[in-house]
Amino acid sequence: MQPSAAPDLADLAHTHARPTHWLATATATAAVVALAGLLQPGPAGAGTAPAAAPRPAPAPDAAGASYPLECGGGPHTVAKRVSGDLDGDGNPETVAVVHCEAGSGTPPSGVYVLTRGKEKGTPARVVATLVAPEQHQNVTELAVRDGAVRATLLGYSSPDVPSCCPDEKEQVSWRWQGGAFVRGGQADALGV
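Going along each chain's sequence as written, the residues are numbered from 1 onward. Since the coordinates come from a predicted model, pLDDT governs what is reported: local features require at least 70, and pairs of side-chain atoms require 80 or more to be given and counted, while whole-chain, interface and lining totals use all residues. The side-chain figures draw on all heavy atoms in the structure; neither hydrogens nor water molecules are used.

Chemist: Can you help me understand the state of the cysteines in this one?
Modeler: By definition, a disulfide links the sulfur atoms of two cysteine residues through a covalent bond. Disulfides are defined as cysteine sulfur pairs within 2.5 Å. Tallied over the full model, the rule gives 1 disulfide. Residue pairing for C71: its cysteine sulfur links by disulfide to C100, the two sulfurs lying 2.1 Å apart. Between C71 and C100, the disulfide has an S-S torsion of -90° and is therefore left-handed. Taken together, the positions of C71 in the loop between α1 (19-39) and β1 (76-84) and C100 in strand β2 (residues 93-100) put the pair 29 residues apart, joining distant regions of the chain. A run of H or I in DSSP counts as a helix once it spans at least four residues, and a run of E counts as a strand once it spans at least two, with each numbered from the N terminus.

Chemist: Honestly, the sheet that holds strand β8 (residues 180-184) in this entry has me stumped. Any pointers?
Modeler: Either a parallel or an antiparallel arrangement is found when strands of a sheet pair, and the pairing is made through backbone hydrogen bonds. DSSP calls a pair of strands paired once it identifies at least 2 bridges connecting them. Here 4 strands make up an open sheet; going across it, the order is β5-β6-β7-β8 and the pairing antiparallel. If you trace the sheet from one side to the other, it starts and ends with β5 (138-145) and β8, each paired once. Neighbour to neighbour, the strand axes of the sheet diverge by 25° on average, direction disregarded. Note on geometry: axes are C-alpha line fits, over the in-contact stretch for helices, and angles between N-to-C directions span 0 to 180 degrees.

Chemist: Before we go on, may I ask you to explain the environment of S104 in this structure?
Modeler: Here S104 shows up in the loop between β2 and β3 (110-115). Relative accessibility decides the category of a residue: with a 1.4 Å probe and only protein chains considered, values under 20% of the type maximum give buried, values over 50% give exposed, and everything between is partly exposed. Overall, S104 belongs to the exposed group, its relative accessible area being 62%. Separated by 59 residues in sequence, S104 and S163 place their C-alpha atoms 9.9 Å apart.

Chemist: Teacher, can you tell me more about the pattern of salt bridges here?
Modeler: Opposite charge on two side chains lets them pair, provided their charged atoms get close. Note on definitions: salt bridges are taken to be side-chain nitrogens of Lys or Arg within 4 Å of carboxyl oxygens of Asp or Glu. Here the structure, examined in full by the defined rule, presents 1 salt bridge. One salt bridge connects E170 with R183, and the closest N-O pair in it is separated by 2.8 Å. Separated by 13 residues along the polypeptide, E170 in strand β7 (residues 168-177) and R183 in strand β8 bring together distant segments of the chain. Residue classification places R183 among the partly exposed positions, given a relative accessible area of 37%.

Chemist: Please clarify how unusual backbone geometry should be interpreted in this entry.
Modeler: Most of the time, phi is negative for any residue but glycine, and the peptide bond is trans. Of note, the phi angle at H136 is positive, near 55°, even though the residue is not glycine. With respect to the secondary-structure elements, H136 resides in the loop between β4 (125-131) and β5. Using a relative accessible area of 48% as the deciding quantity, one classes H136 as partly exposed.

Chemist: I tried to follow the pairing of β3 on my own but got confused; where do I start?
Modeler: Every regular strand shows the same layout, with side chains that alternate between the two sheet faces. Summarising burial for β3: 6 of the 6 residues are buried, a large majority. Side-chain alternation along β3 places G110, Y112 and L114 on one buried face and V111, V113 and T115 on a second face that is also buried. Bridge analysis of β2 against β3 gives 5 bridges, and the strand direction is antiparallel. Residue pairing for β3: V98 is matched across the bridge by G110. In this structure, β3 lies alongside β4, joined through 5 bridges in antiparallel fashion. Counted as the bridge partner of V111 is V131 from β4.

Shape descriptors only; they carry no functional weight alone.
In structure tokens:
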């Protein structure tokens, strides 16, 4: 048999596990684990959790609001209502289509933006009139999308057109800009 060119394994100190070797390995492993623990974020608890975002207030109730609408002493009707955040404050506003109750004919509509009352428990209040009843228009479709109010308005080309049969149709939109509702063009209102 020919002698091996490799050294005898019994002569290599690092091939034998001695207690000092295991102690050094355990110490190094404990140091790595401790360092990793220091670099990790702390446990989630009551004191360290981020504050929950406040829940948005409910949309204003259109039924209890007072509208700038003259009905000759008669009642009014909230014909349509939609809600959405129009001014970007995280709380929804309500857009209401309101008209006087009429026995016959088609009474003109008013389109109003409502916000919650100033005090808790007070009714919603009108903060903007998008369409006044004096404009003699009716609303057939109403939506809030992407922070804009979108509506389809029916109107009359002349006073000779009977109130039962509007002969003009227009799609419109309004968006909150610079502290007021700005009416957009027909292209902005498509997809009502």
